[in-house]
Amino acid sequence: MHLHRYEKMWLMFGGGALLLFVIILTVNAYAMGNMPPSHMQMIEPSKVDETPPFDKPGLRQIGENEYELVMTSFVFGYAPANVEIPAGATVHFIVTSKDVVHGFQIPGTNVNTMVLPGHISRVTQTFAEPGEYLILCNEYCGAGHHVMATKLIVADEGKE
Ligand code: CUA
């Protein structure tokens, strides 16, 4: 069978692209471990206060300058509010909603997740720079949406 030169080139380009995509996908999945989200934790939204870990919200040290911060969101705020951590701390945020869909965003960082009633959102961030970080809701949740915010205070000095 005779193929025109351009047709041959085009076929090789197409086949090559396909092969490249399969390789990228394989490396992503098996070498880098990128998978669709799984083990998504659910919670009964009317029983947040009785369900661990939300029965004991707050900051808990789990390693050297590593913390778990269990928070709830509700119309129109977050609890606990104004949490203080030392500089350089890695914080694993564990957040759920007591009522409607809220957002959980810390501008200037990669923290930006939806908080859905019945679901537990997890996001991890290291705070190298001391200062006050705004935590805000970026999902319209009602009349007080625009005031729904709190602060994360990253203390200048190390662990105390
Ligand atoms: Cu909560 Cu907007």
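Residues numbered from 1 in each chain as written. Predicted model: local features only at pLDDT ≥ 70, side-chain atom pairs only at ≥ 80, totals over all residues. Heavy atoms only, no water.

Focus on the pairing of strand 2 (residues 66-74)
Most of strand 2 is tucked away: seven of the nine residues are buried. Sheet analysis places strand 1 (residues 58-63) next to strand 2, joined by five bridges and oriented antiparallel. Across the sheet, residue L59 finds its bridge partner in strand 2, namely L69. Counted between consecutive antiparallel strands, the loop separating strand 1 from strand 2 contains two residues, among which N65 sits at a positive phi close to 55°. The pairing of strand 2 with strand 5 (residues 89-97) spans eight bridges and is classified as parallel. Looking at the pairing, V70 lines up with I94 of strand 5. Sheet analysis places strand 2 next to strand 3 (residues 77-79), joined by three bridges and oriented antiparallel. Among the inter-strand pairings, S73 is bridged to a residue of strand 3, identified as Y78. Adjacent in sequence and paired antiparallel, strand 2 and strand 3 are bridged by two residues. (Buried < 20%, exposed > 50% of the residue type's maximum accessible area, 1.4 Å probe, protein only. Helix = DSSP H or I, 4+ residues; strand = E, 2+ residues; numbered from the N terminus. Pairing = 2+ DSSP bridges.)

Re the domain arrangement of the protein chain
Along its sequence, the protein chain is carved into domain 1 (1-35) and domain 2 (41-159). Put simply, the middle of domain 1 and the middle of domain 2, counted by C-alpha atoms, are 43 Å apart. (Domains from an automatic or database assignment.)

Some thoughts on the pairing of strand 5
Counted residue by residue, strand 5 has eight buried out of nine residues, so it is predominantly covered. Bridge count between strand 5 and strand 8 (residues 121-127): seven bridges; the pairing is antiparallel. Looking at strand 8, one finds that I94 is bridged to R122.

Brief notes about unusual backbone geometry
The step from V75 to F76 runs through a cis peptide bond, and the omega angle for that step is -5°. Within the secondary structure, F76 is located in the loop between strand 2 and strand 3. Residue P80 follows A79 across a cis peptide bond; omega there is -5°. Phi is positive for N82, which is not a glycine, with a value near 50°. Relative to the elements of secondary structure, N82 occurs in the loop between strand 3 and strand 4 (83-86). With a relative accessible area of 41%, N82 lands in the partly exposed category.

Things to note about the nonpolar core
Across soluble globular proteins, you tend to see nonpolar side chains buried next to one another. Core analysis: the biggest nonpolar cluster contains 24 residues, and I85, F93, F104, I106, F127 and L152 have the highest contact counts within it. Those elements that provide at least two residues to this core are strand 2, strand 4, strand 5, strand 8, strand 9 (131-136) and strand 10 (149-155). At four residues, the largest contribution of residues to this core is made by strand 5. Among residues more than four places away in sequence, those in contact with F93 are L69, F104, I106, V111, S121, R122, V123, Q125, F127 and L152. (Core = buried A, V, L, I, M, F, W, Y, C linked by side-chain atoms within 4.5 Å. Contact = heavy atoms within 4.5 Å.)

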